[in-house]
Every structure is written in structure tokens, then in C-alpha cells.
Amino acid sequence: MRPGGVLSLEVRDSRSKKDLLRPRDMQALLPATRAMELRKQDYHMERPLLNQEHLEELGHWGSAPRTRQWRTWLQCSRARAHALLLQRLPILVWLPRYPVRDWLLGDLLSGLSVAIMQLPQGLAYALLAGLPPVFGLYSSFYPVFIYFLFGTSRHISVGTFAVMSVMVGSVTESLAPQALNDSTINETARDAARVQVASTLSVLVGLFQVGLGLVHFGFVVTYLSEPLVRGYTTAAAVQVFVSQLKYVFELHLSSHSGPLSLIYTVLEVCWKLPDSKVGTMVTAAVAGVVLVLVKLLNDKLQQQLPMPIPGELLTLIGATSISYGMDLKHRFKVSVVGNIPTGLVSPVAPNAQLFSKLMGSAFTIALVGFAIAISLGKIFALRHSYRVDSNQELVALGLSNLIGGIFRCFPVSCSMSRSLVQESTGGNSQVAGAVSSFFILLIIVKLGELFHDLPKAVLAAIVIVNLKGMLRQLSDICSLWKANRADLLIWLVTFIATILLNLDLGLVAAVIFSLLLVVVRTQRPHYSILGQVPDTDIYRDVAEYSEAKEVPGVKVFRSSATVYFANAEFYSDALKQRCGVDVDLLISQKKKLLKKQEQLKLKQLQKEKKLQKQATSSKDTSVSINVNTSLEDMSNNVEDCKVMVSPGDKMEDATASGQEDSKAPDVSTLKALGLPQPDFHSLILDLSALSFVDTVCLKSLKNIFRDFREIEVEVYMAACHSPVVSQLEAGHFFDASVTKKHLFASVHDAVTFALQHPRPVPDSPVSVTRL
């Protein structure tokens, strides 16, 4: 820093000319001498000291022009129509450029592998949704093919998913509860009612997703943070596990919905456990062990196998064969899937009377489904270097659910396990999804009836084993405890709320809590007093940097969060506390002393007026002269009169003394009042963390200027961003008392100015009123 308000800076490289002329040698020595070279480089700069006024003049500052993007949305032209078509139908972009020789074989193998997983999972997740298994096959065909046309992610596998299925199941069981008896007529009517509820729900979910995508509301999923989603899916996995216990133990449970329904279900399972069927338990246990062993084998031989061993499909085929050969249904009372109709179903319009009952659940399912899909899609896009359009993904998922609901499908999303298989087996594009959907179509049309004798306990075992990945997320508790306690709190609250309040209310409670936590965290940010790092223009927290020293006479204060209505009061309180001065008490004492002085002056003035009045009245009585008196007597009376008006002479003396007292210091200063003075003359507010200001922030800053000036401390601001400066201007913050000269480009500029212009001690004389 140079005198005259000039900051100096220049780059000086202390390397020798010989080194500069040998770049190869320098590259060879760089790893060993990097730290030494950094120490040898000095950084200097020379520029004028800049406040906001000078900066605006120097940089020709002006408000950035507003971009009205909505105007482009309303423009109509052939080029825009073509661009809109390509945006909404991405297959027209990537399919003509599809490298058949390089990608086709991998997509065929990947699609076949995914279809092999999709078949048993579709059957199992249909039971999870409270529907006949064949509707799981429908939900594995229609939505997958629609996503092939409209989706932008090349690697996610759209279709049935455990979390979505259990959310659908909670809705279907609440609106179409379990029949009181087990007659065929009641089961058929119940299934038909549940299918209607699920398909109508799928249409509503699709409408929500398409509508949000068209108005570019894909960002809404950002309110579902990663800890929230992971805690929610873990709780959903617990819900899925509990819902499958009735198939594992062959129990007939009552329908529970709403808050604490999971607790009631667990208690009922424990109560009816003696009624469980041994044959069903053995079937589920054997199927579960086989599935776990195959998954362990796949993990161990992952590098050697061209594609994973289809353990679920082999278990399905083996269990169906054993069930048919041993007649498990009649001999051991093992429940089986039953009739699976072949062929496709005709489209059916949704039941509009159910819309009002399904609106809340549909919106929740739409958000959860999109959050899971876009999070996986972005992971794969980042890994393979391509871009996923979140708004188009919302539209694609919405159309998949909307059209699927018309064909009696239930809401779908994407599966993490199938997506990983699709990627690992060579899938390169959406063609893999189309291949898997055509394979499922073949099952629906020709091969579905072969699974008539498939035990439901095997499907339950498939569902439970596939929960391994989501249940392993319980380890997040340990990792978040070490990494971020606030995220751990969000995770735990989401998990507990979802367990206790069910999936829909649990998600609402989790989102509200996470948003409130953000507000609370901004209410209590980190406040710090900054000190200068030696020989630099860098200022850091003196509590964290031992070498950072406070500039004598200057306090620099910073908040780590923006100041707004929720934390403006905390900001002011923290500022006064960190400065080490009880500003409010000092101002209160000053006002009391000044008020006491005013009262004493008023009393003195009243007393002097009273004395003057008495002197005037005595003068009137003493100068009454007899006309017959001699001239000598008159002169004597005049002398007596002068003696009597001596109090009037005291007023003249007071006036003269007042002129002498005018040379005395101002009695309103802290020093004159006998009050302690702050050990600093300037306060600098580092506003670099401010992203916006509101009216409460403006008033709070104004009050800070007023209060600290009351205790003879000048206040400056520094490092304010241009949008915030514009908002300060719009809020009429700057006036005659606070101008842009109080706002500096950097903290160092403000410190330099404060040191060059310390607030003078107000010992200047003031005039005293003459009486």
C-alpha cells in the first residue's frame, strides 16, 4: 500500500533468465521445486482506492438488461417449430445418428438382460401394489416403450420400482380394502376396483409430470435433497419389507392406512404368526437363499461373466416347475399366482370421480418418481459425458405414466438395479429399453400363462432380496454423523416421519422440515471479526488464523450468510457482541446524561429568569423620586438604584462567562460525559456474502449506521455485489448521511480509507446560547 490512497500490485517472478530459457528443464524440476517457486513469486498491484462511486465511474456501471425469455416462448416460426419438435421428441435427434455397428450388439444383450430381470420384478411389484401380477407385466411394457420415444437418458431402466409400488399399494388398499371373506367374487371385484384406482392414479401422476415439465418446473425436485431422498427410500424399503410378510407367512391381514399403519401391520403380523403356513415359509426361505447365493456369485465373478447370471428368472422357472410337479397349492396350501391372461388389454378411460381422492397422492408419487429417475439419469450422464434434460425427462416420465394408465398400468419410475445391469452389460442407448419392452410383450402375448403355478412367496422373496441396496443405506447414519450433522438430522427425520406417518405424509413432513432447517441455519450463520494476513490484502477470521491481526482502530465484521428478515436482528446483536462494546447501554447512558444536562440547564435558565424578574421589580420601586428633593439627594438615590440592580449585572457576567465557555469542548461527547470510548474509530461491514437484501435488512443496516455513529464510530461497507447495490438503490438506502462513498470495492479499500481518514475526536468548540 502506497501513500495517497493508492494500492500497489505487480507480478514479479524471481526465477533466473537461464531457467526461463529452459522450459524442458523446468518441467522436469517442477514437481520437486513447486513449493519453492510459489514462495518466490510476489504479487503486487497499483491502483487507486475505490469506493462505489469511483468504481461505477471507472467501470461505466449500468444495470444489466433484463432478458424476457417468455417472449421467445411465444414466438412462432418454422425454425422454432422444428426445434420444439426435436426437443419434445428426442428420438428424432439421436436415432438417425445411431452407430449400428458399434452399439447395436451391446444394446441387444443389455435389453435381454434387463428383460430377464424385468419379468420377475414386474410380477412381484404388482403384488406389492396390491394388483394381480399380470398388471406388472403391462407396466413393464407400455411405459418402457413410451420412454424409448421421449426420454433423454441412455442408461436408466424405466419400469416397475419397489418404492413406487408400495406407494401405489398404500393408495389401492385404502380405497379398495381387503374383502372380509375370501370368495372368488369378492376377490375379483376387489382386484377390478384396485386396478381402476391404480390406473386412474397413473393418469393423474402423468398429468402432473407432463404439466410440470411443460412449464419448466423440473427444478422443483431440487427441494428433495440427497439425504432426504435416501432417508425416504430407506423408510420405503422398510415399508416394502413389512408389506411382503403376509406372503412369506401366508397370513390374512386387515387393511391399514394412514399414520402408524406400519406399526399396526407389524403388531398384527406378530399376533397372527402362529397361524402361518410352514409350506409357504419354506418356499420363501429356499427361494431367498437361492437368490442371495446367485447375487453373491455374480458379485464375485463380475469381471469374468459377460452378463450376470439371471438368478431371478432361474428361480422363477424352477419354483414354477416344482410347484406344478409337487402340486404345492393343494398339498401344502401354498398360494400361487393363478391365471395370467394372455394378450393385450384394450385402453380404458380413467375414473374422473376418483380424481379428488387421488390428487394429493398423485402429486407426491409424481415428485418421488421423478426425483429417483433424474438422480440416476444425471449420475449416468456424468459418467458417460452426455446431457440429460430434466424438463424433458419430466415430460417423458409423465407421458409414460399417462399413456400407461390408459392401458391399466400403475405408476412407474426407474430401477437402480436394472439400470446398473443395463449399463454393465453394454447398453449404450434407449434401444436397450425398447428391446426389453418387446421381450416383455412376447411374454404377455404367448408365455404368461406358463407362470400359473408360480408361488406368491417366491415373488415376495424376490422383492425382499432386491431391497438389499436400499436397506444398506442405513449405513448413511455413520457416514453423515462424521460428515454433516445437519444432513444426518434431515435423514433421520425423513426416515422416522415416513415410518410413522406413511409415505405421503412422511414426504410432506420431510420437505417442510428440510426447508425449515435451511431457514434456521441461515438464522444462525458464522459471524467473525476479520484481521489482516501479514503483508497481504487478505482478511480472515482472527479466531481461525493465528497470524491474522486486527487493524488498530478498525473493526471488520463478516457474516457467512445473507442478511434478511429471519436473521437481521441476530446480525445486529452478533455485531455489537463481537465488537466488544455494549452499544445499547452506552447509548442509553449517553442519553440519560444529556437529558440530565438539559434539565440542569433548564433549571439554571429558570432561576436566572426569576432573578432578573426580581431585579426589574426592585428597580421600579427604588427609582420613584420626590420632585421636591434636591439634586444631591437624587444622585444618592441613583447610586442606591445601582446597588439594587446588581443581580442584573450578574446576567451580564453570565453572558460574558458564556463567551468564555464557548472555547470549552462539546459536552455531548463520550469523553466529556465521562463515558468509556470504543477502542476503534471505524467499523467495516464485509457484505460479500449478501446475495439479496429486503426491507428488513435495509432498516437493520440503517440502524447500525445510526447506533455506531452515536458512539463516535464511523461505519463503512465493502465487497457488495452489483445486484445487491441495485437493490440498495431501489430501497432508497443511500441518502445524505449514507452515500456510495461509504461503500468500497473491497475490504482492503475500506480499511485503507479508514486509516487515512480516522474519525476526529469531536473536541471542536460549539457556541453557547447567549441569554
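Criteria and thresholds
- Residues numbered from 1 in each chain as written.
- Predicted model: local features only at pLDDT ≥ 70, side-chain atom pairs only at ≥ 80, totals over all residues.
- Heavy atoms only, no water.
- Patch = residues over 30% accessible without salt bridge, like charges linked within 9 Å, V, L, I, M, F, W, Y side chains within 5 Å.
- Areas by Shrake-Rupley, 256 points an atom, 1.4 Å probe, with all protein chains shown as cover.
- Salt bridge = Lys/Arg side-chain N within 4 Å of Asp/Glu carboxyl O.
- Helix = DSSP H or I, 4+ residues; strand = E, 2+ residues; numbered from the N terminus.
- Buried < 20%, exposed > 50% of the residue type's maximum accessible area, 1.4 Å probe, protein only.
- Phe/Tyr/Trp six-rings, centres within 6.5 Å; stacked < 30°, edge-to-face > 60°.
- Lys NZ or Arg CZ within 6 Å of the ring centre and 35° of its normal.
- Axes fitted to C-alpha atoms, helices over the stretch in contact; angles between N-to-C directions.
- Parallel < 35°, antiparallel > 145°, perpendicular 65-115°, else oblique.
- Left-handed = near helix turned anticlockwise from the far one by under 90°.
- Contact = heavy atoms within 4.5 Å.
- Nonpolar A, V, L, I, M, F, W, Y, C, P; charged D, E, K, R; others polar.
- Core = buried A, V, L, I, M, F, W, Y, C linked by side-chain atoms within 4.5 Å.
- Polar contact = N/O pair within 3.5 Å; in protein donor to acceptor, adjacent residues only side chain to side chain.
- pLDDT = per-residue confidence, 0-100.

Caption draft 1: Looking closely at a nonpolar patch on the surface. A grouping of Leu-260, Ile-263, Tyr-264, Leu-267, Ile-496, Leu-500, Leu-501 and Leu-505 is seen on the molecular surface, where their side chains present a nonpolar patch of about 660 Å² in accessible area. When contributions to the nonpolar patch are tallied by element, the ones reaching two or more residues are helix H14 (261-272) and helix H25 (485-523). Within the secondary structure layout, Leu-500 lies in helix H25. For Leu-500, a relative accessible area of 34% gives the class partly exposed.

Caption draft 2: Summary view of the pattern of salt bridges. Applying the stated rule across the entire model yields 15 salt bridges. For Asp-191, the salt bridge is made with Arg-190, and the minimal N-O distance between the two is 2.9 Å. Here Lys-272 makes a salt bridge to Glu-268, at a shortest N to O gap of 3.1 Å. Of the two residues, Lys-272 and Glu-268 both sit in helix H14, four residues apart, roughly one turn of that helix. One connected set of salt bridges, linked through shared partners, spans Lys-576, Asp-584, Arg-706 and Asp-707.

Caption draft 3: Highlighting the packing of aromatic side chains. Per the stated rule, a full pass over the model turns up 20 aromatic pairs. Centre to centre, the rings of Tyr-564 and Phe-692 are 6.0 Å apart; their planes meet at 55 degrees, and the pair counts as tilted. Taken together, the residues span a long stretch of sequence, with Tyr-564 in the loop between strand S9 (554-559) and helix H26 (568-578) and Phe-692 in the loop between strand S10 (682-686) and helix H31 (695-710) at a distance of 128 residues. Their ring planes at 40 degrees and their centres at 5.1 Å tell us that Phe-744 and Phe-753 sit as a pair that is tilted. Take Phe-753: its relative accessible area is 22%, and that puts it in the partly exposed class. Members of the aromatic cluster, each reached through a chain of ring pairs, are Trp-94, Tyr-98, Trp-103, Phe-145, Phe-148 and Phe-438. Positioned above the aromatic ring of Trp-481 is the side chain of Arg-485, whose terminal nitrogen or guanidinium carbon lies 3.7 Å from the ring centre. A cation sits over an aromatic face here: Lys-702 above Phe-733, 5.3 Å from the ring centre.

Caption draft 4: A look at the packing of helix H7 (residues 100-128) against helix H16 (residues 311-326). The geometry of H7 relative to H16 is characterised by a closest axis approach of 8 Å and an angle of 55 degrees between their N-to-C directions. With respect to H16, the element H7 is oriented oblique. With respect to the hand of their crossing, H7 and H16 are arranged in left-handed fashion. Listed contacts from H16 to Ile-116, Met-117, Leu-119, Pro-120, Gln-121 and Leu-123 of H7 are Glu-312, Leu-313 and Leu-316. Tallied by class, residues from the contact of H7 with H16 come to seven nonpolar, one polar and one charged.

Caption draft 5: A look at the nonpolar core. Of all hydrophobic cores here, the largest spans 111 residues; its most connected members are Leu-119, Leu-316, Leu-454 and Leu-459. The dominant element in this core, judged by the number of residues it contributes, is helix H18 (residues 355-384), at 14 residues. Ignoring sequence-local partners within four residues, the contact set of Leu-459 consists of Pro-120, Leu-123, Ala-124, Leu-127, Leu-316, Val-337 and Leu-454. Ala-568, Tyr-571, Val-581 and Leu-683 belong to the second-largest nonpolar core, a separate cluster that totals 40 residues.

Caption draft 6: Looking closely at the side chain of Ser-682. Positionally, Ser-682 belongs in strand S10. Look past the residues within four positions of Ser-682 in its chain and what remains in contact with it is Gly-553, Val-554, Lys-555, Val-713, Glu-714, Tyr-716 and Ala-754.

Caption draft 7: A look at the environment of Ser-688. Here Ser-688 is to be found in the loop between S10 and H31. Separated by 126 residues in sequence, Ser-688 and Thr-562 have C-alpha atoms that sit 8.7 Å apart. A distance of 3.0 Å separates a polar atom in the side chain of Ser-688 from a polar atom in the side chain of Asp-686.

Caption draft 8: How the structure looks around the confidence of the model for the chain. On average, the chain scores 83 in pLDDT, and the residues at 70 or more come to 83%. Taken together, the stretch residues 180-185 has pLDDT below 50 and engages in three contacts with residues farther than four places along the chain or on a different chain. Ignoring residues within four places in sequence, the model shows residues 622-664, a span with pLDDT below 50, making 23 contacts including any to other chains.

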